[in-house]
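Secondary and tertiary structure notes
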Amino acid sequence: MPRKKPMIAVVNDDTHFLNLMHDLLSDEGYEVVIHIEGSSAYKSIREQMPDLIILDIRIEHPEAGWVTLDLIRLDPNTTRIPVLICSADARQLREKAARLVEMRCDTIEKPFDLHDLLGRVQEILSRHQRPDD
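Report on the accompanying structure. (Residues numbered from 1 in each chain as written. Predicted model: local features only at pLDDT ≥ 70, side-chain atom pairs only at ≥ 80, totals over all residues. Heavy atoms only, no water.)

**Things to note about the overall build of the protein chain**
Looking only at helices and strands, the protein chain features six helices and five strands. Secondary structure elements in the protein chain, listed N-terminal to C-terminal, are β-α-β-α-β-α-β-α-α-β-α. Here the C-alpha radius of gyration of the protein chain, 14 Å, is about what a compact globule of 133 residues would show, namely 14 Å. For the C-alpha atoms alone, the extent of the protein chain along its principal axes is close to 40 × 30 × 25 Å. (Helix = DSSP H or I, 4+ residues; strand = E, 2+ residues; numbered from the N terminus. Rg over C-alpha atoms; globule rule 2.2 N^0.38 Å.)

Pasting the structure below:
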């Protein structure tokens, strides 16, 4: 049976950011699952199959977000889940822009306007609607 509302997984090591995202996205009618560690996030994402992943590329240690992203993209079960990279590291987003495009990721820089984020989330979800919806 298909889910009634889209599920969004948020992966970030900042609990204040996670709480903000949970409240914001829940208020907009999304089901929200939060993850504070990349290592456990992938396993949970694989089990829950969210409709969108919002991933901070700089969690735990500098490569943790990239490892999580690689696992998501290399797994045939999760490779099609859209990923929105949300990071304050503007330099890394620019330097890795080609890799992020290759990995089919959208990006948004922190700090961001909440309306801009919600618009991006809605646009990505509408672009990637599941066939059973």
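**Brief notes about helix H6 (residues 114-127)**
For H6, spanning 14 residues, the distance from its first C-alpha to its last is 20 Å, which sits close to the expected 20 Å at 1.5 Å a residue. Three or more residues of H6 are buried, namely Leu 117, Leu 118, Val 121, Ile 124 and Leu 125. One face of H6 carries all of its buried residues, which in axial projection span an arc of 130 degrees. Residues of H6 that are exposed and point more than 90 degrees away from the buried face comprise His 115 and Gln 122. Near the N-terminus of H6, the side chain that reaches the backbone nitrogen of His 115, with its oxygen 2.9 Å away, is that of Asp 113. (Expected span 1.5 Å × (residues − 1). Buried < 20%, exposed > 50% of the residue type's maximum accessible area, 1.4 Å probe, protein only. Arc of directions from axis to C-beta. Polar contact = N/O pair within 3.5 Å; in protein donor to acceptor, adjacent residues only side chain to side chain.)

**Focus on the sheet that holds strand E4 (residues 83-87)**
Strands sit in the order E2-E1-E3-E4-E5 across an open sheet of five strands; the sheet is parallel. What marks the edges here is a single partner per strand, and that holds for strand E2 (31-35) and strand E5 (105-109). Each strand axis lies, on average, 20 degrees off the axis of its neighbour in the sheet, ignoring direction. Both strand E1 (residues 7-11) and strand E3 (residues 52-55) contribute to a ladder of four bridges, which runs parallel. Considered in E3, the bridge of Ile 8 is made with Leu 52. (Pairing = 2+ DSSP bridges. Axes fitted to C-alpha atoms, helices over the stretch in contact; angles between N-to-C directions.)

**Thoughts on helix H2 (residues 38-48)**
Those residues of H2 lying buried are Gly 38, Ala 41, Tyr 42, Ser 44 and Ile 45. The elements touched by buried residues of H2 are E1, E2, E3 and helix H3 (64-74). (Contact = heavy atoms within 4.5 Å.)

**Re the pattern of salt bridges**
Any two side chains of opposite charge can pair, so long as their charged atoms come close to each other. Counted by the stated rule, this structure contains nine salt bridges. Here the salt bridges share partners, and the residues they tie into one network are Asp 106, Arg 120, Glu 123 and Arg 127. (Salt bridge = Lys/Arg side-chain N within 4 Å of Asp/Glu carboxyl O.)

**So, the packing of aromatic side chains**
The tally for this structure, following the rule as stated, stands at one aromatic pair. Ring geometry for Phe 17 versus Phe 112: centroids 6.2 Å apart, planes at 85 degrees, classification edge-to-face. Highlighted residues: Phe 17 in helix H1 (residues 15-27) and Phe 112 in the loop between E5 and H6, separated in sequence by 95 residues. What makes Phe 112 buried here is its relative accessible area of 17%. (Phe/Tyr/Trp six-rings, centres within 6.5 Å; stacked < 30°, edge-to-face > 60°.)

**Observations concerning a negative patch on the surface**
Side chains of Asp 13, Asp 14, Glu 37 and Glu 60 sit close together on the surface and give a patch of like negative charge. The topology assignment puts Glu 60 in the loop between E3 and H3. Residue Glu 60 is classed as partly exposed on the basis of its relative accessible area of 42%. (Patch = residues over 30% accessible without salt bridge, like charges linked within 9 Å, V, L, I, M, F, W, Y side chains within 5 Å. Areas by Shrake-Rupley, 256 points an atom, 1.4 Å probe, with all protein chains shown as cover. Lys, Arg positive; Asp, Glu negative; His and termini not counted. Charge placed at Lys NZ, Arg CZ, Asp CG, Glu CD.)

Purely geometric numbers; function is a separate question.
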